[in-house]
Amino acid sequence: MEVDVLIVGAGFGGMYMLHKARSLGLRARAFEAGSGVGGTWYWNRYPGARCDVDSLEYSYQFDEALQQEWQWSERYAPQPEILRYAEHVAERFSLKGDIQFNTRVEKAAYDEAAERWRVTVSGASETWETSARFLILATGCLSSAKLPEIEGIGRFAGEQYHTGRWPHHAVDFSGKRVGVIGTGSSAIQSIPLIARQAKSLVVFQRTPTYSVPARNRPTDPAYEARVKSDYAGFRARNSRMLNAFGSDLPRNETSALSVGADRRTQAFEKRWEHGGLPFMGAFNDLLLNAEANTAAAEFVRGKIQEIVQDPATAARLMPRQTIGCKRLCVDTDYYATFNRPNVRLVDLRESPLEEITPAGVRSGGVEHAFDCLVFATGFDAMTGSLLAIDIRGRGGLALRDKWRDGPRTYLGLGSAGFPNLFTISGPGSPSVLTNMMVSIEQHVNWIGECLDWMRREQHECIEAAPEAEAAWGAHVNAVADRTLFPSCNSWYLGANVPGKPRVFMPLIGFPPYVEKCNEVAARGYEGFVLG
Ligand code: N01
């Protein structure tokens, strides 16, 4: 079927885009590599996977009845519940009829004469071509799972898992010797649960991570009722936050350096007790001023020292980099897990990872034997799944070539040379620094309004102007450079992928971004070339 809008991905971005396009009367179809909806939440089924934004915020707001009727069981919803929510939305809005599952978009080439995208799609046993006027990439920011590039990868003879490609059946670690490589968010969520099951667990840590307690708990019915009595107001307040969440405990707009040490500790303590990502909002300059940041980092290091009984293990678990410049982790019992007799930490800075062997992992000259190996080694973030598709724009220009030195977009929505192509939560937009659900809806609403406007104004084609794109790239970098974000090797910078250009990919600050997008639209899509 030839469609107006072809959507890649049926996660929360693709699902809402499909609904939006259909509600505008456009013929739309989504292609999804998985066998079901949910994107990130479809793939990341590892033990302990759950959201780190409050459930009442991490949900769609486009339909009042939907947000009123759905009930979240916990403050931070577990993955199976988020997946059930995605399924519920797909049913409620009859989305599945226009989603083709188990299908991967391999290639998309812009046919300039026909002003259409020619898209090559492959299923289990066949490959075919289809076409669309608009190509919308809802491929997700953390979808391209990354195995470490080390000797012997693939040689392990036991059970091997990547947290981002977890099997659909339950994995039982009981009585098993387990190794986990990585200590990012996925590892921090899964390690305490794996440790409870496994006979023994060895955690291989390259960079210690800052983590704050989640303080997860069952949803408080009184709180839920309060939110639902004015859900629109609650959403509006959250949208005005720097990261589009957390209006219940907004950032304290004073400098950490303007108060004495006791007041600082009290403020950190209050946020530690509250739990979750608002910890970084204890003061307004924790990610702007190195001295303020050190105060927060010292506080967390002190907590690690208190929690972890063995001083040598505690010292190894203490991060030294800027707190928050890698995404802060949110845990339940992570540090305390290292007090268990069956858990051991291997510091890869002391004992470098040498190879994966059929029996396990060799590091620092020692072979550690395992029955199961878990790679919690993250993703080729933000660009990985976009560039996995061979995308060719005007004159056959490959997106992979255009982005060789890092992604170049206008507003994180479009890229010059690639007409009628939109990215949902693309690089250059706030995306991963925000509540993703809010960013996704903002992008889909903006794209929907744009498509509707083009139809009314009889435009066939929209494309980012090269000069607007260059200015936008400079702006995204300039904003990042005013902060401490570029100061450590994060996936925001692509630093976790050998050879990936070091560019800070997301834009910091949701409210000014929304203002800019609205302004661009109000000025007849300023910075875009229309045809
Ligand atoms: O991946 P990561 P993740 N040798 O990249 C290590 C979101 N998320 O899947 O820091 C040895 O953070 C790597 O070490 P280093 C969230 O946005 C959210 O955990 O690069 N180690 C690191 O420790 C998050 O930030 C939730 O030195 C290697 C780890 O593997 C993002 O997804 C839950 C290595 C990778 O950590 C990614 O999280 C889960 C190597 N060659 C994820 N290569 C929520 O809470 C990598 N590592 C909602």
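Rules of the game
Along every chain, residues carry numbers that run from 1 in the direction the sequence is written. Local features are withheld for residues below a pLDDT of 70 in this predicted model, meaning they are given only at 70 or higher, and side-chain atom pairs are given and counted only at 80 or more; totals for whole chains, interfaces and linings count all residues. In computing side-chain properties, one takes all heavy atoms of the structure into account and sets aside hydrogens as well as water. Numbering of helices and strands runs from the N terminus; a helix is a DSSP stretch of H or I covering at least four residues, while a strand is a stretch of E covering at least two. To get the radius of gyration, use the C-alpha atoms; to get the globule rule, take the number of residues to the power 0.38 and multiply by 2.2 Å. Throughout, exposure labels follow a simple rule: accessible area from a 1.4 Å probe, protein chains only, divided by the maximum for the residue type, with under 20% read as buried, over 50% as exposed, and the rest as partly exposed. By definition, residues are in contact when any of their heavy atoms lie within 4.5 Å. Using a 1.4 Å probe, the Shrake-Rupley method yields the accessible areas, and only the shown protein chains count as cover for residues. We count Lys and Arg on the positive side and Asp and Glu on the negative side, and we leave His and both chain ends out. Charge placement uses NZ in Lys and CZ in Arg. For Asp and Glu, CG and CD serve respectively. The salt bridge definition used is simple: a Lys or Arg side-chain nitrogen within 4 Å of an Asp or Glu carboxyl oxygen. Pairs of N or O atoms are called polar contacts if they sit within 3.5 Å, as long as, within protein, a hydrogen donor faces a hydrogen acceptor (for residues adjacent in sequence, only side-chain-to-side-chain pairs). When at least one non-hydrogen atom of a residue lies within 4 Å of a molecule or strand, that residue is treated as near it. When residue character is reported, Ala, Val, Leu, Ile, Met, Phe, Trp, Tyr, Cys and Pro are called nonpolar, Asp, Glu, Lys and Arg charged, and the others, Gly included, polar. Buried Ala, Val, Leu, Ile, Met, Phe, Trp, Tyr and Cys residues form a nonpolar core when they are joined through side-chain atoms within 4.5 Å. Two strands are counted as paired when DSSP detects at least two bridges linking them. Think of each axis as a best-fit line through the C-alpha atoms, taken over the contacting stretch in the case of a helix, with angles from 0 to 180 degrees between the N-to-C directions. If an angle is under 35 degrees, it is roughly parallel; if it is over 145, roughly antiparallel; if it lies from 65 to 115, roughly perpendicular; otherwise it is oblique. Helix crossings are classified by the rotation of the near helix relative to the far one: an anticlockwise turn of less than a right angle makes the crossing left-handed, while a clockwise turn makes it right-handed.

Visitor: So what about the overall build of the chain? Which residues, and what values?
Guide: Per the secondary structure count, the chain includes 16 helices and 20 strands. Taken against the 2.2 N^0.38 rule, which gives 24 Å for 531 residues, the C-alpha radius of gyration of the chain at 23 Å falls within 12% of a compact globule. Oriented by its inertia axes, the alpha-carbon framework of the chain measures out at about 70 × 55 × 45 Å. Buried positions account for 59% of the 531 residues belonging to the chain. Expressed as a percentage of contacts within the chain between residues at least 6 apart in sequence, the contacts between residues at least 24 apart total 70%. Looking at the chain as shown, the accessible area adds up to about 21000 Å², and 49% of this sits on carbon and sulfur atoms. Taken as two groups, the 58 positive and 61 negative side-chain charges of the chain have centres that lie 2 Å from each other.

Visitor: Tell me about the pattern of salt bridges, and name the residues and values.
Guide: Any two side chains of opposite charge can pair, so long as their charged atoms come close to each other. The full count for this structure, using the stated rule, is 36 salt bridges. Across the salt bridge formed by glutamate 306 and lysine 303, the nearest N and O atoms sit 4.0 Å from each other. Placement of both glutamate 306 and lysine 303 in helix H9 (residues 290-307) is noted, with a separation of 3 residues, approximately one turn of the helix. What makes lysine 303 buried here is its relative accessible area of 10%. Here arginine 455 ties to aspartate 452 by a salt bridge, and the two come within 3.0 Å at their closest N and O atoms. Of this pair, arginine 455 and aspartate 452 both sit in helix H14 (residues 436-457), 3 residues apart, which is roughly one turn of the helix.

Visitor: Can you tell me about the environment of aspartate 63, naming the residues and giving the values?
Guide: Residue placement: aspartate 63 occurs in the loop between helix H2 (40-43) and helix H3 (64-69). With sequence-adjacent residues up to four places away left out, aspartate 63 is seen in contact with Arg92 and Phe93. Among the polar contacts listed, one links the side chain of aspartate 63 to the backbone nitrogen of leucine 66, at a separation of 2.8 Å.

Visitor: Could you give an account of the site of the ligand, with specific residues and numbers?
Guide: Surveying the vicinity of the ligand reveals 23 residues, the closest of which are Thr183, Ser186, Arg206, Thr207 and Lys326. Between the ligand and tryptophan 491, the relevant distance is 2.9 Å, taken from an oxygen atom to a side-chain nitrogen or oxygen of the residue. When the ligand sits alone it has 910 Å² of accessible area, and the protein chains cover 88% of it. Sorting elements by how many residues they give to the shell around the ligand places helix H5 (residues 185-197) first, with 3 residues. Each residue belonging to the shell around the ligand can be placed in one class, and the counts come to 9 nonpolar, 9 polar and 5 charged.

Visitor: Can you explain the nonpolar core? Please cite residues and give values.
Guide: Phe12, Phe173, Phe279, Leu411 and Trp446 are the most contacted members of the largest nonpolar core, which has 134 residues in total. Here this core gets 10 residues from one element, more than from any other, and that element is H14. For phenylalanine 12, the residues in contact, after removing those within four places along its chain, are Trp41, Tyr58, Tyr60, Ile82, Tyr85, Ala86, Met437 and Ile440. Membership of the second largest hydrophobic core comes to 21 residues, among which are Val8, Trp117, Leu137 and Phe418.

Visitor: Residues and numbers for the pairing of strand E15 (residues 366-369), please.
Guide: Across 4 bridges, strand E14 (residues 360-363) lies against E15 in antiparallel orientation. Across the sheet, residue glycine 360 finds its bridge partner in E15, namely alanine 369. Here E14 hands over to E15 after 2 residues, with glycine 364 in that stretch at a positive phi of 55°.

Visitor: Go over the packing of helix H1 (residues 12-23) against H14 with me, naming the residues and quoting the values.
Guide: Their axes nearest at 9 Å, the elements H1 and H14 cross at an angle of 30°. Relative to H14, H1 is oriented roughly parallel. Here H1 runs over H14; the crossing is right-handed. The segment H1 lies against H14, with Phe12, Gly13, Tyr16, Met17 and Lys20 engaging Met437, Ile440, Glu441, Val444, Asn445, Ile447 and Gly448. Looking at the contact of H1 with H14 residue by residue, the class counts come to 7 nonpolar, 3 polar and 2 charged.

Visitor: Before we move on, can you summarise the sheet that holds strand E13 (residues 353-356) with the specific residues and values?
Guide: Taken together, 3 strands build an open sheet; the order of strands is E13-E14-E15 and the sheet is antiparallel. In the strand order of this sheet, the two ends are held by E13 and E15, each with one partner. Pairwise comparison of adjacent strand axes, ignoring direction, gives a mean angle of 25° for this sheet.

Visitor: Lay out unusual backbone geometry with the relevant residues and their values.
Guide: Excluding glycine, residues mostly have negative phi values, and the peptide bonds linking residues are mostly trans. Of note, the phi angle at methionine 382 is positive, near 70°, even though the residue is not glycine. Inspection of the secondary structure puts methionine 382 in the loop between strand E16 (372-375) and helix H12 (384-387). Under the relative-accessibility criterion, methionine 382 is labelled buried at 2%. Its identity as a non-glycine residue notwithstanding, tyrosine 525 has a phi of 60°, on the positive side. Relative to the assigned elements, tyrosine 525 resides in the loop between helix H16 (510-522) and strand E20 (528-530).

Purely geometric numbers; function is a separate question.
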